[in-house]
Amino acid sequence: MPEIVLSQTLAHVRHGSNMGQPLTRRDGVLKVTGAAKYAADQHPPGMLHAVLAVSTIARGHVAFLDVAAAKAHPGVVEVITTANRPALAQDPDERSDLFTFRLDLLQSDRVRYANQPIAIVVAETLEAATEGAALLAPRYEIEPARVGLDATESFVPAAVGPGFPAQMHRGDVEAGLAAATRKVTETYETPAQYHNPMEPHAIVAAWDGDTLSIDTPSQGLAIAQGRLAGLFGISPDSIHIRSPFLGGGFGCKGLISGPQVLGAIAARAVGRPVKLVLRREQMYGPVGHRAPTQQALRLGTDQNGKLIAIDHRTKTMSSTFDDFFEPASDASHTPYASAAIATSHEAVRADIGTPMFMRAPGEATGSIALESAIDEMARACGMDPLAFRLKNYAEVEPISGKPFSSKALRECYRQGAERFGWERRPLGSRQMRDRDGLLVGWGVGTATFPALMFAGHAKAVVRSDGSGIMEIGAQDMGQGAWTALAQIAADALALDIDQVEFRSGTSDLPDAGIAGGSAHTATAGMAIHNAGADVIARLAELATSDKPSPLFGAGNAGVIARSGRLCRRDDAAAQSTYAMHAHGAVFAEVKVDPDLGQIRATRVVGAFAAGRIINPRMVESQLNGGMIWGVSFALHERAVMDPRSGRVMNANLAEYHVPVNADVPSLETILVEEHDPHVNALGIKGVGEIGITGTAGAVANAVWHATGVRVRKFPITLDRLIEPE
Ligand code: MOS
């Protein structure tokens, strides 16, 4: 990737360590000057444009496509349908493991959801391909769409999320509820949401014999490489993926999607490089989304306001042909102590694209319901919601009974409350107004997210001139991963950051694992750390066995040589002994127009303890981004499904609301110091997703405090405030 020149624009002072410095993004100048080339910016010589035709029905068959009309259009080179799609080595409906989802690659004329790809038109220009796709004018045999959480009979899935048990419990929840002095029993609903990264899925694919070269955004290069290798029946080594820049991922670029594979199929069919870019509305179906949920919570406390029972039941939805189940109830596993806890999931199948991991899958969805219910419980006990949380937060992980590897939640509550000014909060609702007469409300929410790590690899080189190279196929989705990882690389080689050439972003480099689960910095960071230690150890060995060296015969017993692998034996032991999580507390203020019900989030303060902070600038930005998602979850985002057609009616960024600058409140992030000696040798926990978890509930609770109306159906919109359901 010689064309990509990364640079540090802010001179920094090194106080003995590159880690911990608030360096600016190494790719920042490239991005703000437009020099960073994203996948869709690539134009290899001879390139053609592919456009997908997608189904307008949610269930049935494609009966006819006017291929002749499309082919006759000037500039159209090829039309690929089920009839002439090149053969694949693997059935796209084969599900070999947890992370291989079924894809729609023109294997059948069966339509299983709206916006399913049904043909590809390849042409000399984008315009010709677009017109050709329109000329296909499909006719369908339509069957009625089954949508909604009562679409079909519900069942208990074999697993939820990435292979978690669908049902878990500790203690006897029914007995706890029967013995409870006070109880809250409520149902909360969350809508379908779509990832909507700025950059749509895009691919530029070129074949040379059996070698495939592609530019495409990916959160996991090696997994994508493996999937493509299986489908095309070629070796992973003959697939070269370049993914230096992602315009957002959020989970929908975690695994390679059907449309991306279709781009490579089209290139193979026409024998020329092909570019395929999804239109925004085409992203509402074949690339995953967050499924809707209905969550029934039952909480019980004793006479002292101590929680003694938590029951969290989720009903959610998957597609008719594959399994992904939003693990919302699992949000109750961690934050609050209770002798009895039960979590369970049931699901229905509907004529939708398969749901997928979407930023804080399960935690985001479940947290807004749990935090709302906790607030309702505090109110039933006549307690301040922060005081109730301080009384009930967990000292050991409730569902597993394991101690936390480290936890600074109390400190998060304390620092966040102090900065926010929580002590001035009146207990009752509708007590505060601003100068303009708007109702003001304050809410709090607890944030937790597991500290995960996956397998990762890196390669370190020390040159004879004293400079170093660190290679790792890591992904920067805009979160600043390259910058933070380069800082870790410099420390791993005991060099200054400018002395280390940091190479990343292509599948030819060592597998960094997936940039997901808030685990990327820990995973790739530990691989880098271990590779650095390994190369230093070899250097020490050379030095101590080299006669002319002053270190000759000194022995290198003080140097621990690691294998360049992620997980040492003692780390693995720690994983089973401790529950590992990042924690936080979020405080939110909203203002509500008493007549019109219009809601604005005006101020959010989040205090987070997430272990060692590699780059406070990047971390603050990640947490701010998470908190904006939380505001969005509480007040903005919702995909509206037309029950007759099974189509999303607001499949565009004008009507699918995400916060714009004017919607974003004043944000303050407090990084609470935490040293977790067990999580990994570097002490790193993730920060990508935790910001959402406390915030959504804090905003919902603030809306109650402002208005006295408890809305249990999200997002909270003005109609739901004025006419509570
Ligand atoms: Mo994320 S949903 O872990 O990309």
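The structure we're discussing is the one just above.
Below or above, wherever it landed, is the structure these notes cover. (Residues numbered from 1 in each chain as written. Predicted model: local features only at pLDDT ≥ 70, side-chain atom pairs only at ≥ 80, totals over all residues. Heavy atoms only, no water.)

### What to know about the nonpolar core
Side chains of a nonpolar character, in soluble globular proteins, are inclined to be buried together. Among the nonpolar cores identified, the biggest contains 78 residues, and Val590, Leu635 and Ile716 are the most heavily contacted of them. Those residues within four positions of valine 590 in sequence are excluded, and the remaining contacts are Leu439, Val440, Gly441, Ile599, Arg600, Ala601, Thr602, Val699, Ala702, Val703 and Ala706. Among the nonpolar cores identified, the runner-up in size contains 38 residues, and Ile203, Ile214, Val261 and Leu262 belong to it. (Core = buried A, V, L, I, M, F, W, Y, C linked by side-chain atoms within 4.5 Å. Buried < 20%, exposed > 50% of the residue type's maximum accessible area, 1.4 Å probe, protein only. Contact = heavy atoms within 4.5 Å.)

### What to know about the pairing of strand S15 (residues 340-350)
Here S15 lies mainly inside the structure; nine of its eleven residues are buried. Note that strand S7 (residues 168-170) and S15 share three bridges and pair antiparallel. Among the inter-strand pairings, methionine 168 is bridged to a residue of S15, identified as threonine 343. One ladder, built from eleven bridges, connects strand S14 (residues 307-319) with S15; its direction is parallel. (Helix = DSSP H or I, 4+ residues; strand = E, 2+ residues; numbered from the N terminus. Pairing = 2+ DSSP bridges.)

### A closer look at the packing of helix H5 (residues 221-232) against helix H6 (residues 258-270)
The geometry of a pair of packed helices is captured by two quantities: the angle between their axes and the separation between those axes. Between H5 and H6, the least distance of the axes is 11 Å, while the angle of their chain directions is 45 degrees. It follows that H5 is oblique to H6 by the angle criterion. Where H5 crosses over H6, the two elements pack in a sense that is right-handed. Along the contact surface, H5 presents Leu228, Leu231 and Phe232, while H6 presents Val261, Ala264, Ile265 and Arg268. (Axes fitted to C-alpha atoms, helices over the stretch in contact; angles between N-to-C directions. Parallel < 35°, antiparallel > 145°, perpendicular 65-115°, else oblique. Left-handed = near helix turned anticlockwise from the far one by under 90°.)

### Quick look at the environment of proline 162
Looking at where proline 162 falls in the secondary structure, it is placed in the loop between strand S6 (139-142) and S7. Relative accessible area serves as the criterion here: at 30%, proline 162 is assigned to the partly exposed category. When the C-alpha positions of proline 162 and arginine 603 are compared, they lie 34 Å apart, and in sequence the two are 441 residues distant. Excluding anything up to four places from it in sequence, proline 162 contacts Leu98, Phe99 and Phe357.

### Some points on the side chain of serine 338
Relative to the helices and strands, serine 338 is located in the loop between S14 and S15. Residue class for serine 338 comes out buried when judged on its relative accessible area of 11%. In this structure the side chain of serine 338 is engaged in a polar contact, spanning 3.3 Å, whose partner is the backbone oxygen of isoleucine 308. For serine 338, the side chain forms a polar contact with the main-chain nitrogen of alanine 309, separated by 3.1 Å. Not counting chain neighbours up to four residues away, the residues in contact with serine 338 comprise Leu307, Ile308, Ala309 and Ile310. (Polar contact = N/O pair within 3.5 Å; in protein donor to acceptor, adjacent residues only side chain to side chain.)

### So, the sheet that holds strand S17 (residues 439-450)
The five strands lie next to each other as S16-S17-S21-S22-S25, forming an open sheet whose pairing is mixed. Two strands close off the open sheet at either side, each with one partner strand: strand S16 (432-433) and strand S25 (666-671). Sheet topology places strand S22 (residues 599-609) next to S25; six bridges connect them, and they run parallel. Across the sheet, valine 605 pairs through a bridge with glutamate 668, a residue of S25. Of the strands in this sheet, S16, S17, strand S21 (581-592) and S22 touch helix H14 (residues 690-707), which is tilted by about 155 degrees from S17.

### Some details on the environment of isoleucine 341
Tracing the backbone through its elements, the reader meets isoleucine 341 in strand S15. Taking the C-alpha atoms as reference, isoleucine 341 lies 7.4 Å from aspartate 172; in sequence the two are 169 residues apart. In contact with isoleucine 341, other than residues within four places in its own chain, are Met168, His169, Arg170, Val173, Ile310, Ser332, Tyr336, Pro398 and Ile399.

### Some words on the packing of helix H7 (residues 363-380) against H14
Viewed as axis vectors pointing N to C, H7 and H14 meet at an angle of 40 degrees, and their least axial separation amounts to 8 Å. Compared by their axis directions, H7 and H14 come out oblique. Between H7 and H14 the crossing geometry is right-handed. Packed against H7, whose contacting residues are Glu363, Ala364, Ser367, Ile368, Glu371, Ser372, Asp375 and Arg379, the element H14 presents Ile692, Thr693, Gly694, Ala696, Gly697, Ala700, Asn701 and Trp704 at the interface.

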